[in-house]
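# Coordinate inspection notes
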Amino acid sequence: MPRPKIAGLAWLVAFLASVSTPLVAQDALPRDAGKLYALLCANCHGEKLEGGQGGSLLTGQWKHGDGGDEHLARIINQGVLEAGMPAFGAVLDAPRVRALSVFLRERMVRAQEEKTEYAKPAASDAVVRSRAANFRVETVAEGLGVPWSVAFLPGGDLLVAERAGKLRLIRDGQLRAEPVADTPAVWAQGQGGLLVVQAHPDYAQPGNGWIYLAYSEPSASGKEAFTAIVRGRIRQNSWTDQQVIFRADTASYVTGGVHFGIRLVFDQGYLYFGIGDRGRQTQAQELNLPNGKVHRLHDDGRVPADNPFVNTPGALPSIWSYGHRNPQGLAARPGTTGATLQIWETEHGPRGGDELNLVKRGANFGWPLITYGMNYNGTPVTADTAREGLEQPVIHWTPSIAVCGIDFYTGDRFPGWRGDLLVGALQQQELRRLVLEGDTVKEQEVLFRGIGRVRAVQTGPDGLVYLCLENPGRVARLVPVE
Ligand code: HEC
């Protein structure tokens, strides 16, 4: 029988693996999961995982397990020797095994998706038929850059935050050409810029009128940036009465355009918000730094005396939970408030490992000590997906969908969605509906896919579901149809 055609090192590695002799130094092997696959697996399973001497890895059908983490790690480590699948445990360390299984899952999910038809409502009159409601996607305003969020004002006015730095008003379906004047300067680079606009829940009460803005604030030199929050009022299309609600220590302002996090949740006079790790992974674990955390303040910026780390020496007293990578979705569960308040949070994983978390006071959500993903370049972050004392996500998406804004549906126009969590995704350009049962996700439905990156999803006071979409930048809403 001809020997399978396996290139030099790969053959050696596969042979050594099959006799379980740890002779090949770890360092001789690439850390990139795609390269590892090409080197060690492609000869038997095909360049595109389509199968060969070993079966296809794309079908989702398995002989020795369910395709989950435990199963894939077991097969890679121990092989199926009697059937000709070598054991790689002696030559691959745990982080590489972990990265390989993320890689396999990525390819498998993509292959499944390519075969699946999803509603793609191209024209605004196309009706999307989903499980619990039929709807169409109606454009509210177009000609926007990257809209990051909208604020609902009494009387039907909408404010839109454009990431490039403009705050703009939509009145009677018309986008006002001149942005609101005198809003703060933002650092519009990479993922940074003007991110959140949101009205205080008591906006309409006499003396309130507060609008909150969250954005990437440039340092004095303009070379670095960090997330900041201010509130102010709008008079004659100008920003006035500004007060700083959150601003980090100048040492936290760093270069790099990633992971500013931010969404705001108000509850009983408190303000919750998430800040990303700013690309400094390990700092998410450091309690003296503001990045990689969810924070809680009074809505005027004071630190509440009962925050979890107020008495921890050196810790920032505004921290509510930590170990977050880049939280860009935050929402309070309807019917919960005060002591019962449930804040649900989505955060971007690296490559794989996007998370849905139920935020807990004082808890550590584990980044970067644990994650279900790997680095973008295919190298492992860690072998661990769980560790004692670190919180697990409610669910994770591996491969990533690039989770962004979330909101619970609370209106009355889509009765079949009430209490469900709507989840927008950038990379997958999709909107998902998650049906919860207790604190778990019972069901996920992709409502549509492919109409642009979904930055924000927000239930409007009119009960319609508002979306901030990219390429082309527009605000749209879901309108029910029979
Ligand atoms: C020498 C050939 C060979 C190489 C190299 C090889 N495999 Fe396999 N693999 C097989 C065969 C044959 C099977 C089918 C085993 C069976 O039928 O039980 C298999 C099965 C599998 C399965 C499916 C297990 C199941 O439960 O159905 C996975 C996953 C897998 N291989 C992953 C890998 C990965 C990852 C690599 C590279 C690190 C790799 N294989 C390298 C031959 C190979």
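Quick caveat, the model's predicted, so the values are computed rather than measured.

Before going further, it helps to spend a moment on the sheet that holds strand S22 (residues 440–449). The sheet built from 4 strands is open, its strands ordered S19-S20-S21-S22 with antiparallel pairing. Looking along the sheet, the strands with just one partner apiece sit at the ends: strand S19 (403–408) and S22. Here the strands of the sheet are splayed against their neighbours by 25° on average, with no regard to which way each runs. Looking at chain direction, S19 and strand S20 (residues 421–425) are connected through 4 bridges and run antiparallel. Looking across to S20, one finds that Phe-408 is bridged to Leu-421.

Listed as protein donors to the iron atom of the ligand are His-45 (NE2) and Met-85 (SD); their distances from the metal cover 2.0 to 2.1 Å. The coordination sphere of the iron atom of the ligand comprises 6 donor atoms, whose angles at the metal cover 88 to 178°; the geometry is octahedral. You can see His-45 sitting in helix H3 (residues 42–45) and its partner Met-85 sitting in the loop between helix H4 (69–78) and helix H5 (94–115), a full 40 residues away along the chain. Taken as a pair, His-45 and Met-85 share a single burial class, namely buried.

Glycine aside, the phi torsion of most residues is negative, and most peptide linkages are trans. Omega for the bond connecting Trp-367 with Pro-368 falls within 30 degrees of zero, at -5°, which places this linkage in the cis form. Tracing the backbone shows Pro-368 in the loop between strand S17 (354–359) and strand S18 (395–397). The amide bond that connects Thr-398 to the next residue, Pro-399, takes the cis arrangement and shows omega of 5°. Relative to the helices and strands, Pro-399 resides in the loop between S18 and S19. Positive phi outside glycine occurs at Asp-241, with the angle close to 55°. Here Asp-241 lies in strand S10 (residues 238–247). According to the relative accessible area criterion, Asp-241 is partly exposed, its value standing at 33%. One non-glycine residue, Gln-268, lies in positive phi territory at about 50°.

Using the criterion set out here, one finds 14 aromatic pairs in the structure. With 6.2 Å between their ring centres and 55° between their planes, Trp-187 and Phe-260 make a pair best called tilted. In this pair, Trp-187 sits in the loop between strand S6 (174–175) and strand S7 (194–199) while Phe-260 sits in the loop between S10 and strand S11 (264–267), placing the two residues 73 residues apart along the sequence. Overall, the relative accessible area of 6% leaves Trp-187 in the buried class. Ring pairing ties together the aromatic residues Phe-135, Tyr-409, Phe-414, Trp-417 and Phe-448, which thus form one cluster. Lying over the aromatic face of Trp-210, Arg-231 brings its terminal NZ or CZ to 4.1 Å of the ring centre.

So, how was this worked out
Residues numbered from 1 in each chain as written. Predicted model: local features only at pLDDT ≥ 70, side-chain atom pairs only at ≥ 80, totals over all residues. Heavy atoms only, no water. Pairing = 2+ DSSP bridges. Helix = DSSP H or I, 4+ residues; strand = E, 2+ residues; numbered from the N terminus. Axes fitted to C-alpha atoms, helices over the stretch in contact; angles between N-to-C directions. Donors = N, O, S within 2.8 Å, 3.2 Å for Na, K, Ca; no water. Tetrahedral: all angles 85-135°; square planar, octahedral: opposite > 155°, others 65-115°. Buried < 20%, exposed > 50% of the residue type's maximum accessible area, 1.4 Å probe, protein only. Phe/Tyr/Trp six-rings, centres within 6.5 Å; stacked < 30°, edge-to-face > 60°. Lys NZ or Arg CZ within 6 Å of the ring centre and 35° of its normal.

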